Every structure is written in structure tokens, then in C-alpha cells.
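Reading the structure
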Amino acid sequence: MTQLGLFDAPLSLIESERGHVTYLAGLLSPVQAEMYFSAFHDGIDWHSQRRVMYEREVDVPRLTAHFRLDREAGHAVDGITEKAHEILRDVAGRVSEEVHAPFNSVGLNFYRNGNDSVAPHNDRLQELVAGEPIALLSLGATRRMLIRSKRVGEPAIPIDLAAGSLLVMSYASQHHFTHGIAKTRAPVGPRISVAFRVRPTE
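Since the structure is predicted, the reported quantities are computational estimates derived from the model, not experimental observations. (Residues numbered from 1 in each chain as written. Predicted model: local features only at pLDDT ≥ 70, side-chain atom pairs only at ≥ 80, totals over all residues. Heavy atoms only, no water.)

Counting 36 residues, the largest nonpolar core has F40, L108, L139, V194 and F196 as its most contacted members. The leading source of residues in this core is helix α2 (residues 82–99), at 7 residues. The contacts of F40, once residues within four sequence positions are left out, are W46, A84, I87, L88, L108, L139, I192 and V194. Core analysis: the next-biggest nonpolar cluster, separate from the first, contains 21 residues, V118, I134, L161 and L167 among them. (Core = buried A, V, L, I, M, F, W, Y, C linked by side-chain atoms within 4.5 Å. Buried < 20%, exposed > 50% of the residue type's maximum accessible area, 1.4 Å probe, protein only. Helix = DSSP H or I, 4+ residues; strand = E, 2+ residues; numbered from the N terminus. Contact = heavy atoms within 4.5 Å.)

See the structure below:
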């Protein structure tokens, strides 16, 4: 099990010509992480989605929300309370400063319990600004992510994403690796993933 203690130095999970993936424990304090989780849990209009898989339509096993971050401060945004939006902008600024990336878009996933998951995938590079990273802030319960190489035979890299932690994946890593969170039968509480990205401007 790969895991760091609070306030430890960043852990490099992947560092090669095929990309970089870094895990930073304790970007937020436990109190901050709990406050942000509550604000997003209660202040966001979460949506369920359906998707066609294996020639049939199924429920996406998590709730989702998406927002642009490059709107002027103080303007009302549909689907999120003013308080939650203010916190989202503040934490986006903190993550941008940490990662040195001009994030302008955020996608949130709400994993309600161990039955919620996300299949192994890479981000759609055509929807991102080339060269810019993806940063995933975790809130709530700890869930295990598996990072897998697209090369056959290479072992998967497990990482337990704790509340307040930040996982940073380079643009290049999306060409060569997938990431996902499997269902689990173990008792687990709700988790919110806050994914920051740099999208092309509208």
C-alpha cells in the first residue's frame, strides 16, 4: 500500500519520458478538508448520468458536476451555492499556485459509497490544453486508485487518496497510463474528487 503521512514531501509515483504522476498528502488540513467536503456535498446540485456500455444504457456509478473557473468573481453560477462557489474558487487558486498551472475548469465526482466507481481511463486530451497537468483533490473517505501502464505486463501502481491530498498527472502521462477507482465491498464513507484542468478558452 502506497501512502504518505500528513505534510510529508511529495511522492513521485511515475517519473519517466512517458509522463509524471505525483502524490502530495496533506495539501489541506483535516479541518479544511472536512469543511470543503461539507460545503460541496450540500452546496452543489449533483447530477446522475447514463451512458451506453456493451450496447445497453446504464447508470454512471457516481454523481457529477462541472464548472468553469474563468468567470468573473461575484457572478452567480447555476448548480452551486455562492458559498460553495467561493470555496471552490479559493481552493482552485491554491491548487493552481501549488502546481503552477492556470486551471480554468473543474469536474467533481461524488462517490456515495463503495458501489460507486470510475473505470480505468485516461483524460480526453483533445479537450485539454496541451502540456498542462490534471490535478485531483480528494475530500471525504479514502479510496484506492490504480494507475496502470498501457504497456502489457507492467504492474499497476496503487495509491490511497486521503482527504486533503492532491494527485497531479502530467499531460503526457495520459498517453501512456490509465487511472481508475474500483468498487469495494469494504465499508467506506462518501468521497468527493475535485479535478482541476486547463480547457481551451471558449
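We now examine the side chain of T178. By the secondary structure assignment, T178 is in strand β12 (residues 177–181). Classification of T178 by relative accessible area gives buried; the value is 15%. When residues no more than four places from it in sequence are discounted, the contact partners of T178 are P120, H121, N122, L146, I147, R148 and K150.

This part takes up the sheet that holds strand β11 (residues 166–169). The strand order across the open sheet formed by 7 strands is β1-β2-β11-β8-β13-β6-β5, and the pairing between neighbours is antiparallel. Two strands in the sheet have a free side with no partner beyond their single neighbour: β1 (11–16) and β5 (63–68). Across this sheet, the average inter-strand angle for adjacent strands is 15°, counted without regard to direction. Here 6 bridges tie strand β8 (residues 134–140) to strand β13 (residues 191–197), and the two strands are oriented antiparallel to one another. Note that in β13 the partner of A135 across the bridge is F196. (Pairing = 2+ DSSP bridges. Axes fitted to C-alpha atoms, helices over the stretch in contact; angles between N-to-C directions.)

Right, let's talk about the packing of aromatic side chains for a bit. Inspection of the entire model under this criterion finds 2 aromatic pairs. A centroid spacing of 5.3 Å and a plane angle of 40° characterise the contact between W46 and F110, whose relative ring orientation is tilted. One end of the pair, W46, is in the loop between α1 (30–43) and β3 (50–53); the other, F110, is in strand β6 (residues 105–111), with 64 residues separating them in the sequence. Accessibility expressed as a relative area gives 14% for W46, which makes it buried. Both rings, one in F103 and one in F196, keep their centres 6.0 Å apart while their planes meet at 45°; by these two values the pair is tilted. A residue pair is termed long-range when its members are at least 10 positions apart, and F103 in the loop between α2 and β6 and F196 in strand β13 qualify at 93 residues. The same class applies to F103 as to F196, namely buried. (Phe/Tyr/Trp six-rings, centres within 6.5 Å; stacked < 30°, edge-to-face > 60°.)

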